[in-house]
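Survey of secondary and tertiary structure
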Amino acid sequence: ANLDPCPFDQDNDSDNDLLCGELDSCPFDRDNDADSDNLCFDQDLCPHDAQNDADSDNICGNVDTCPFDASNDIDSDMLCANLDTCPFDQNNDADSDMLCSDSCLLDTDSDGVCNGVDSCEYDFDNDMDSDSVCGDVDSCPLDNENDVDSDSVCENFAISIRACGFSVEAWDAMSIDILTDTDGDNCDDTLLLDSNLEAEVLARIQAAFASAGGDGTLEIVLSD
């Protein structure tokens, strides 16, 4: 009769590492946790990266050109951000004045915060309701409890808006007609209460702000 090489292992060393299942710390991993992170291959998203994608850029460290830089050398100067004194300045302070260039190579949402340091790269408001969900993926971008009563209606929040120094042409170009100077201080201001209206109007106001080239000031305050 043939002898059973693994009499207590029904799978008879399924990973062929010459260790029977009852003695094998990783019975389905031939390399037995190659990166020594206490995760067997069948449970390890990065089986050859002990830090399991430390920078959370969906590239395992063993194949990541910048394992500790989620933007992977965004300024293309061959220096990863964790080693780059000027991570957004390709010339690395070319004039040696101890000041990095403040120009963004990429600012997807045009909020003045460069990608790579912008917590919400696709949200101009950078999580305006402070619920740790960026506006571009937030079902209720102005409701920090995100429809707590599950009635499919975001809660109402008041938004006060104050805009000074913009040309009439800039506002008219964006068809912004909801702001008026209510207190005679030569600044347009208003208070919006309807949640659905807020999101739409805010987007238009912010677009107008951007198109005005920064020659005015815009203050937006969100409150319960």
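So, here's what we can say about the structure. (Residues numbered from 1 in each chain as written. Predicted model: local features only at pLDDT ≥ 70, side-chain atom pairs only at ≥ 80, totals over all residues. Heavy atoms only, no water.)

So, the overall build of the protein
Our working definition: Per the convention used, a helix needs a DSSP run of H or I reaching at least four residues, while a strand needs a run of E reaching at least two, with both numbered from the N terminus. A 1.4 Å probe rolled over the protein chains alone gives each residue an accessible area, and that area as a share of the maximum for its type sets the label: buried under 20%, exposed over 50%, partly exposed in between. Each accessible area is a Shrake-Rupley result for a 1.4 Å probe, and residues are judged covered by the shown protein chains and nothing else.
Each helix and strand in the protein was counted, giving two helices and three strands. Sequence-ordered secondary structure for the protein, helices as α and strands as β, is β-α-β-α-β. Within the protein, the fraction of its 224 residues that count as buried is 34%. Approximately 13,800 Å² of the protein is accessible, and the part contributed by carbon and sulfur atoms is 51%.

Here's the deal with the environment of C40
For clarity, the threshold we go by: The contact definition used throughout considers only heavy atoms, calling two residues in contact when any of these lie within 4.5 Å.
If you trace the backbone, C40 turns up in the segment before strand 1 (158-164). Counting along the chain gives ten residues from C40 to R30, while the straight-line C-alpha distance between them is 9.3 Å. Among residues more than four places away in sequence, those in contact with C40 are S25, C26 and D29.

Observations regarding the side chain of D49
Counted only if it meets this: Charged-residue counts in this description rest on Lys and Arg as positive and Asp and Glu as negative, His and the chain ends being excluded. Just to be clear on terms, a salt bridge is a Lys or Arg side-chain nitrogen sitting within 4 Å of an Asp or Glu carboxyl oxygen.
Along the chain, D49 falls in the segment before strand 1. Here D49 is buried and forms no salt bridge, its nearest opposite-charge partner R30 lying at an N-O distance of 22 Å. Not counting residues up to four positions away in its chain, the partners in contact with D49 are D35, D37, A54, C60, G61 and N62.

Describing unusual backbone geometry
Positive phi outside glycine occurs at L18, with the angle close to 70°. Tracing the backbone through its elements, the reader meets L18 in the segment before strand 1. Non-glycine residue S76 carries a positive phi angle of around 55°. Tracing the chain through its elements places S76 in the segment before strand 1.

Brief notes about the state of the cysteines
For the record, the criterion: Note that a disulfide, as used here, is simply two cysteine sulfur atoms within 2.5 Å.
Under the counting rule described, the total for this entry stands at six disulfides. Paired through a disulfide, C46 and C60 show a sulfur-sulfur distance of 2.1 Å. Between C46 and C60, the S-S torsion sits near -80°, and that sign places the bridge as left-handed. Taken as a pair, C46 in the segment before strand 1 and C60 in the segment before strand 1 lie far apart in primary sequence, 14 residues in all. For the pair formed by C46 and C60, the shared burial category is buried. Here C66 pairs with C80 through a disulfide, and the sulfurs are 2.0 Å apart. Its torsion about the S-S bond being -80°, the disulfide of C66 and C80 is classed as left-handed. Highlighted residues: C66 in the segment before strand 1 and C80 in the segment before strand 1, separated in sequence by 14 residues. Summarising the burial analysis for this pair, C66 and C80 share the class buried.

With respect to empty space enclosed by the protein
Applicable threshold: Think of a 1 Å grid over the protein atoms and nothing else: a 1.4 Å probe that fits but is trapped marks a cavity, an open set flanked by protein within 12 Å on at least five of seven lines marks a pocket, and residues with an atom within 4 Å of a point count as lining. Grid points are joined across faces, edges and corners, and a volume is the space filled by probe spheres set on the points. Under this grouping Gly is polar, as are all residues other than the nonpolar Ala, Val, Leu, Ile, Met, Phe, Trp, Tyr, Cys and Pro and the charged Asp, Glu, Lys and Arg.
Here the structure, examined in full by the defined rule, presents one cavity of 30 Å³ or more. Its volume calculated, the largest cavity comes out at about 30 Å³. Considering the residues around the largest cavity, the lining is formed by D29, D31, D33, A34, L39, C40, F41, D44, P47 and H48. Residue composition of the lining of the largest cavity, grouped by class: five nonpolar, one polar and four charged.

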